[in-house]
Amino acid sequence: MPELMLAGDWLGKAAAALHSADVPRAMAEARALLASATGETPSFLFAHPERTLAPTEQVQADAILMQRISGAPLGRILGVKEFWSLPFLLSDETLEPRPDTETIVQAALDHAPSAQPSVLDLGTGTGCILLAVLHDLPAATGVGVDCSVGALKTARANAEALSLQDRAAFMAGDWGRALKPGAADLIVSNPPYVATKHGPAPDFATAAYDPELALYAGADGLNAYRTILPDLPRLLAPGGVAVLEIGIHQMPQVRALGEQAGLEWVEARPDLAGIPRAVIFHQRPQK
Ligand SMILES: C[S@@+](CC[C@H](N)C(=O)[O-])C[C@H]1O[C@@H](n2cnc3c(N)ncnc32)[C@H](O)[C@@H]1O
């Protein structure tokens, strides 16, 4: 019978292999992979390098290590991604939430028109923006809309897992078309914004693992904004606020689309790399 491997030895080998494949935070990722294969927590594995791996655990750990080295994102392998310090389940129909999108959550919390807003998340995916806002505003309620039934199933599962199901509803729809006027005080959205004129998304993991519906928005990447922004004055309640994510270099065009729709420009917020990432508009006061 082959000798059983210890967790610490597997972690050392795996971290070296990940490091050689240019994976950042190689040891942390190795621990996350071994935790997934063994059912232990990463901190347990850190504290117990002497833990013996069963042969089935080692086979499973080796298999997911190979996936990671081949370029699969960690979140896709584990089926879960941390966002706003909360765990979000993923599925094939959802975008993997990005750290940049936390800029939208922070801007929404800072600009929320009250402590108990009704929130509308257009293109909710995993539900990450809506559920993060509801998590931090315990008196808020919200609706997440998506045209992908698979994504909505995942968003509902995330609401349940975070015990937010009583304050979050999810519905299928084409952006906000089916919703009543004045539906929300706070509208958040991270629509698709990758331009197709340059071909598929340049990042391998994005192009290979995120659904096309979540990424691409016409030749210049602005098609979703062209549909969403003109409808926001109708969807926002008086005094309402909209916070939208944008891609690099899109601020002037998205600002113009919002102002043409009759919204009042407030500001753009940068992400951690200093790139304008969140645009904020107010409902114009009624004359
Ligand atoms: C960039 S992803 C954002 C997902 C999630 N909000 C996040 O930030 O990670 C855009 C989402 O919009 C959805 N979507 C695309 N076209 C749509 C449409 N016409 N109506 C509603 N949702 C749409 C996609 O299915 C996808 O979930």
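On a predicted model such as this, the values are computed, not experimentally measured, just so you know.

Quick notes on the nonpolar core
Here comes step 1: Counting 33 residues, the largest nonpolar core has Val105, Val119, Leu131, Val133, Phe170, Leu186 and Val243 as the members making the most contacts within it.
Here comes step 2: Of all elements in the fold, only strand 2 (86–89), helix 6 (102–111), helix 7 (128–136), helix 8 (149–161), strand 5 (168–172), strand 6 (184–189), strand 7 (236–245) and strand 9 (276–282) reach the threshold of two or more residues within this core.
Here comes step 3: Of all the elements, helix 7 adds the most residues to this core, at seven residues.
Here comes step 4: Discounting residues that sit within four places of it in the chain, Leu131 has contacts with Phe88, Thr126, Ala155, Asn158, Ala159, Leu162, Leu164, Ala168 and Phe170.
Here comes step 5: Membership of the second largest hydrophobic core comes to 24 residues, among which are Val145, Ala224, Leu236 and Phe281.

Describing helix 7
Here comes step 1: Taking burial as the measure, the nine residues of helix 7 include seven buried ones, the bulk of the element.
Here comes step 2: Residues of helix 7 that are buried include every one of Cys128, Ile129, Leu130, Leu131, Ala132, Val133 and Leu134, and no others.

Re the site of the ligand
Here comes step 1: Taken together, 19 residues are adjacent to the ligand, and Gly123, Asp146, Asp174, Trp175 and Asn190 come closest.
Here comes step 2: Within the backbone of Cys147, one N or O atom sits 3.3 Å away from a nitrogen atom of the ligand.
Here comes step 3: Its free accessible area being 590 Å², the ligand has 94% of it covered by the protein chains.
Here comes step 4: Of all the secondary-structure elements, those providing two or more residues to the shell around the ligand are helix 7 and helix 10 (212–215).
Here comes step 5: Here the residues of the shell around the ligand sort into 10 nonpolar, seven polar and two charged.

Details of the side chain of Arg68
Here comes step 1: Among the secondary structure elements, Arg68 is positioned in helix 4 (residues 55–69).
Here comes step 2: The exposure class assigned to Arg68 is buried, which follows from its relative accessible area of 13%.
Here comes step 3: A polar contact is formed between the side chain of Arg68 and the side chain of Glu29, at a distance of 2.5 Å.
Here comes step 4: Side-chain polar atoms of Arg68 contact the backbone oxygen of Ala72, separated by 2.9 Å.
Here comes step 5: When sequence neighbours within four positions are dropped, the list of residues in contact with Arg68 reads Leu18, Val23, Glu29, Leu33, Pro73, Leu74 and Ile77.

Details of the domain arrangement of the protein chain
Here comes step 1: The assigned domain composition of the protein chain is domain 1 (7–70) and domain 2 (91–282).
Here comes step 2: Here the C-alpha centre of domain 2 lies 35 Å away from the C-alpha centre of domain 1.

Side note on the sheet that holds strand 7
Here comes step 1: Strands sit in the order 5-4-3-6-7-9-8 across an open sheet of seven strands; the sheet is mixed. Across the chains shown, the open sheet's two edge strands, defined by having one partner strand only, are strand 5 and strand 8 (264–270). Between one strand axis and the next, the sheet turns by 20° as a mean value, whatever way the strands run.
Here comes step 2: As paired elements, strand 3 (residues 118–122) and strand 6 share four bridges and run parallel to each other. Bridge pairing in strand 6 links Leu120 to Ile187.
Here comes step 3: Most of the contacts of helix 6 go to strand 8, to which it runs at about 135°, and overall it touches strand 6, strand 7, strand 8 and strand 9.
Here comes step 4: Running over the sheet, helix 12 (residues 251–260) touches strand 8 and strand 9 and is turned about 15° from strand 9.

Focus: the packing of aromatic side chains
Here comes step 1: Considering all chains together, one arrives at two aromatic pairs under this definition.
Here comes step 2: Relative to Phe88, the ring of Phe83 has its centre 6.0 Å away and its plane inclined at 75°; by these criteria the two rings are edge-to-face.
Here comes step 3: A relative accessible area of 0% places Phe88 in the buried class.

Cut-offs used in this document
Residues numbered from 1 in each chain as written. Predicted model: local features only at pLDDT ≥ 70, side-chain atom pairs only at ≥ 80, totals over all residues. Heavy atoms only, no water. Core = buried A, V, L, I, M, F, W, Y, C linked by side-chain atoms within 4.5 Å. Buried < 20%, exposed > 50% of the residue type's maximum accessible area, 1.4 Å probe, protein only. Helix = DSSP H or I, 4+ residues; strand = E, 2+ residues; numbered from the N terminus. Contact = heavy atoms within 4.5 Å. Near = heavy atom within 4 Å. Polar contact = N/O pair within 3.5 Å; in protein donor to acceptor, adjacent residues only side chain to side chain. Areas by Shrake-Rupley, 256 points an atom, 1.4 Å probe, with all protein chains shown as cover. Nonpolar A, V, L, I, M, F, W, Y, C, P; charged D, E, K, R; others polar. Domains from an automatic or database assignment. Pairing = 2+ DSSP bridges. Axes fitted to C-alpha atoms, helices over the stretch in contact; angles between N-to-C directions. Phe/Tyr/Trp six-rings, centres within 6.5 Å; stacked < 30°, edge-to-face > 60°.

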